[in-house]
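Geometric and topological summary
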Amino acid sequence: GENVEQHPSTLSVQEGDSAVIKCTYSDSASNYFPWYKQELGKRPQLIIDIRSNVGEKKDQRIAVTLNKTAKHFSLHITETQPEDSAVYFCAAAKGPTGTASKLTFGTGTRLQVTL
Amino acid sequence: DTGVSQDPRHKITKRGQNVTFRCDPISEHNRLYWYRQTLGQGPEFLTYFQNEAQLEKSRLLSDRFSAERPKGSFSTLEIQRTEQGDSAMYLCASSLTGWASGTGGEQYFGPGTRLTVT
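Now for a description of the structure that goes with this document. In this text the structure is predicted, and so the values were computed from the model without any measurement.

Here's the deal with the sheet that holds strand β1 (residues 5-7) of chain B
Either a parallel or an antiparallel arrangement is found when strands of a sheet pair, and the pairing is made through backbone hydrogen bonds. Residues and elements named next belong to chain B. On the basis of which strands lie adjacent, the open sheet formed by four strands has the order β1-β3-β8-β7 and antiparallel pairing. Bordering the open sheet on either side are β1 and β7 (65-68), each of which pairs with just one other strand. Between one strand and the next, the sheet's axes are offset by a mean angle of 15°, whatever the strand orientation. Examined bridge by bridge, β1 and strand β3 (residues 19-24) share three bridges and lie antiparallel to one another. When the bridges of β3 are listed, D7 appears paired with R22.

Overview of the packing of aromatic side chains
The relation between two aromatic rings is expressed through the spacing of the ring centres and the mutual angle of the planes. One pass over the full model with this rule turns up 15 aromatic pairs over all chains. A ring pair is formed by Y25 of chain A and F33 of chain A, whose centres lie 4.7 Å apart and whose planes are at 45°; its orientation type is tilted. The exposure class of Y25 of chain A is buried, given its relative accessible area of 6%. According to the relative accessible area criterion, F33 of chain A is buried, its value standing at 0%. Linked through ring pairs, Y36, F89 and F105 of chain A together with Y33, Y35, F45, Y48 and F109 of chain B together constitute an aromatic cluster. The ring of F74 of chain B has R22 of chain B sitting right over it, with the charged end atom 3.9 Å from the ring centre.

Brief notes about unusual backbone geometry
With an omega dihedral of -5°, the bond running from H7 of chain A to P8 of chain A counts as a cis peptide bond. With respect to the secondary-structure elements, P8 of chain A resides in the loop between β1 (4-7) and β2 (10-14). The omega torsion across D7 of chain B and P8 of chain B is -5°, close enough to zero to call that bond cis. Here P8 of chain B lies in the loop between β1 and β2 (10-13). Its identity as a non-glycine residue notwithstanding, Q60 of chain A has a phi of 55°, on the positive side. Although it is not a glycine, R81 of chain B sits at a positive phi angle of roughly 50°. For R81 of chain B, the position within the fold is in the loop between β8 (75-79) and β9 (88-95).

Rules and cut-offs
- Here, residues in each chain are numbered from 1, in the same order as that chain's written sequence.
- Chains and ligands are labelled sequentially in the order written, the chains with letters from A and the ligands with numbers from 1.
- With pLDDT at 70 or above as the cut-off, local features in this predicted model cover only qualifying residues; side-chain atom pairs require 80 or more to be listed or tallied, and sums for whole chains, interfaces and linings still use all residues.
- Hydrogen atoms and water are omitted, and side-chain values are computed over all heavy atoms in the structure.
- Following DSSP output, two strands are said to pair if at least two bridges run between them.
- Only DSSP runs of H or I covering at least 4 residues are called helices, and only runs of E covering at least 2 are called strands; the numbering of each starts at the N terminus.
- Angles shown run from 0 to 180 degrees and are taken between the N-to-C directions of axes, each axis being a line fitted to C-alpha atoms and, for helices, limited to the stretch in contact.
- Note on ring pairs: Phe, Tyr and Trp rings are taken, using the six-membered ring of Trp, and paired if centres are within 6.5 Å. Classes follow the plane angle, with under 30 degrees stacked, over 60 edge-to-face and the rest tilted.
- Exposed residues in this analysis have more than 50% of their type's maximum accessible area, buried residues have under 20%, and partly exposed residues fall in between, with area computed by a 1.4 Å probe over protein chains only.
- Whether a charge lies above a ring is judged from NZ of Lys or CZ of Arg, which has to be within 6 Å of the ring centre and within 35 degrees of the ring normal.

Below, the structure written as C-alpha cells:
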C-alpha cells in the first residue's frame, strides 16, 4: 500500500519567515495530494491540494509543489504569522473511482511561529 | 453549520462495553469516510462508503468494528467489546465524487469523537 513520509517533524520559524514542509510518497499511481492544518483539539482543515496534472498551485501565502518523477511534494508558507502555528499533515490518494480514494497521511509537522 | 458533524464529541467507556458514534456528512456529499487518529499521529483510514455501499475496509478494522450508512446519509460506527487500545479520536470525513474540471474528491472532516476506554 501507499506510504507517505513527512519531514521535518517539528519546525520553528520567526514571524515573517518562510516555512517548507516536505513529503514523499511510494505509490506512483497516487494522483491527489492534499494538505491539512490541525490546531490543538480541532478537526483537520483542508488548506490546499494539488493533482498530478499540475506541478504547482498557489493560494495567497500558501503554495504546494509536486515532483511526480521524484515522488515528492512540498508545502510552502510565506510571511508566516503566529496563527499559522499548528500541526500540518500531508496526504496522498489515488482517484477518482473504486477503492482508491482513501487518504494516506504523513506523520505531521508541528509548526511553531515565534514573535 | 453545514459542515460535517459528529456525535458524541467525547465518550468515556469501560473496557468491554459497546459504543456507537454517529456522523452526519455535508448534505450533498455521497462519500463518507471513517479515520482514527491517535496522539501525535496522522489520521489512519478505517472504511468508506459511497452512498450506502461500504466499498473498502482497512485491516485496522477488526471484526469488533462495524460501520453502516443505511440510507446513504448519516453513518454509524460501532465498536463492540472495547479495549484500551481503541482509545483514539474517531474522525469522519465526506466528499463528492467526480473529478470533472479538476474539482471534487476533497475530503472535509468533522470535529471527531474522542473515545477513552478505561
